Each structure stands twice: as C-alpha cells, then as structure tokens.
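Here is what each chain is made of, one letter per residue.
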Amino acid sequence: MCSHGHFGLRKDSSFSNHIFYWKCSNKKCSKKVSIRNGSCFQGHNLSLEKILFITYFWIYKIDQEFVKHELSICNQTIVDWYSYCREVCIKILKIDSEKIGGDSVIVEIDESKFGKRKYHKGRQVEGQWVFGGIERDSKKSVFATVENRTKETLLKLIKDNIKPGTTIISDCWKAYDCLGSEGFEHLKVNHSVNFVDPETGAHTNTTESTWRALKKSLPKYGTVKSLYDTYFSQYYQRHIYTEIGNCNSGQRNQIKNTRHTRL
C-alpha cells in the first residue's frame, strides 16, 4: 500500500464518511487510504454499517420492504446488494467445485423446467430447463441451466461433473440410455408406472424434493433466465450454512470440506 512503512488503523470523522482509514506509520509520509480500498466495499456510498445490515438481512431472507423501511434506503439499492450477494455465492462455488460421485456412490439425476405454467393451466411450462445431480448420502450436488435436453448436452454435463464408476439413477428419458456404456452404473425408474422401481429400489426422490425447495426459493413473481444460476448458488450456500449453524464444530468442518456444488 505504501513503500515507506506499514499502515495503521486510524479514526477521523473528517476523512470522508468512512470514519476509519489506513495511515502510513512513517512520520514523513502522511498518506491516508480508505479502509474500503481494495475490498468489495470500494466505490459504494452506503455506510459500512448499512452494507453489513443489508447482508445480514439477505442471509435471513428478510423481505426487501422491511429492509427499505428499517435502513431508509431505496429498493434499487437493496436489489443491487442482494444481487451482489448471489454473485459472491457463485464465485465461492466455482472456487470450491469438484466432481461428485465415485465408486459405490449413488447420484440421482433429473431435469426440471423452471417457469410459470402457460395461462396458469395444465402442465405446459414456459421457462428454463435445469439439469441436476445429487449424491444421495452426502447431498453434494450439481445444478446447471441447459438450452435443451439432448443426449449431447446432458452427457457432456454428466461427464464434466460426475466421476466414472458412479451409480447413476435417472428416469427413463432417452438421453440417458447411453450411460451404461459411458463408464457409469445406470439404474432407471419409470415414473409413469412407479416412483420407486419394485425390483431395484431405484428412485429419484432426493432430486424431486430438491426441485420443490429450489422453486420455492425463487422470487414469487418469476426471474429472468440469466439469473437462475445465481439463485441456485444462493439456495445452496444458505442451505449449507443453515446446517453448519445447527452443528458442532467438528460437524461444521466436515460439511465445509465435503459439500460443494458445481455450476
């Protein structure tokens, strides 16, 4: 930060509205630097106190109208910071991402369409297709938006995110018919007949319940396609740290070290 020496933290109400700042410890140098410099707070006019409050409210899913009233800030500021928090979630997951599955590990896969029913009737849905895969025991997972459900699209996602030798359970979508010859153990369940295959016990109940939770976590008035990945990341991070908050220290470390989502 300065070639003359180390910076020390100082308090000065006359230095902008940041109150605290860094000052060079060398007496011949009077350089001052905002504590926001080089951080995610740089370039923002909100007080650090309000930024931390917004982040706190975001973590606990507090309604934006309440935040607006409590902090006396405009809706757009809240929307921008909530969006920024979701972007941070994506960055964390990309850094921590790893392939899921492995020998003797079961991964359930499925696709679901996110969006509203056309005219609020029937099962015809306009929206975004999403592919998902979840380890049944550890709940490690992968979610990704896809433009289509072709064999080429889904197989690439599976190979990029699921380890060879994994036991994959899916429905009877034709794009998955090749998995047995692609290095995976493959079990199917025919949802038009059973939710659990009576012979193998195969089911995709874990992914089905996760779809419901994910859709419930989205804004009630819908969202644009480009933001789905950010909401998935938000859901996953909140889910992880809710569990961490309910665990002892040993369990917290285990969750942090073993559960990652790849986008």
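Residues numbered from 1 in each chain as written. Predicted model: local features only at pLDDT ≥ 70, side-chain atom pairs only at ≥ 80, totals over all residues. Heavy atoms only, no water.

By the naming in an unreviewed UniProt entry, the protein chain goes by ISXO2-like transposase domain-containing protein and is assigned to Mytilus coruscus.

J.: I would appreciate a short explanation of the pairing of strand β7 (residues 167–170) in the present structure.
T.: On a regular strand, one side chain projects to one face of the sheet and the next to the other, so that they alternate. A two-sided burial pattern is seen for β7, the buried positions comprising Thr167 and Ile169 on one face and Ile168 and Ser170 on the other. Note: β7 against strand β8 (residues 185–188), four bridges, orientation parallel. Bridge assignment links Ser170 to a residue of β8, and that residue is Lys188. (Buried < 20%, exposed > 50% of the residue type's maximum accessible area, 1.4 Å probe, protein only. Helix = DSSP H or I, 4+ residues; strand = E, 2+ residues; numbered from the N terminus. Pairing = 2+ DSSP bridges.)

J.: Teacher, can you tell me more about the packing of aromatic side chains here?
T.: The relation between two aromatic rings is expressed through the spacing of the ring centres and the mutual angle of the planes. All chains considered together, the criterion is met by eleven aromatic pairs. Pairing Tyr56 with Tyr60 gives two aromatic rings, centres 5.1 Å apart and planes at 45°, and the pair type is tilted. Judged by centre distance (5.7 Å) and plane angle (75°), the rings of Phe114 and Trp211 are edge-to-face. With a gap of 97 residues between them, Phe114 in strand β4 (residues 106–117) and Trp211 in helix α5 (residues 205–217) connect regions that are remote in the sequence. Note on accessibility: Phe114 and Trp211 belong to one class, buried. A connected cluster of aromatic rings, assembled from ring pairs, spans Phe53, Tyr56, Phe57, Tyr60 and Phe66. The side chain of Lys174 reaches across the aromatic face of Trp173, ending 5.9 Å from its centre. (Phe/Tyr/Trp six-rings, centres within 6.5 Å; stacked < 30°, edge-to-face > 60°. Lys NZ or Arg CZ within 6 Å of the ring centre and 35° of its normal.)

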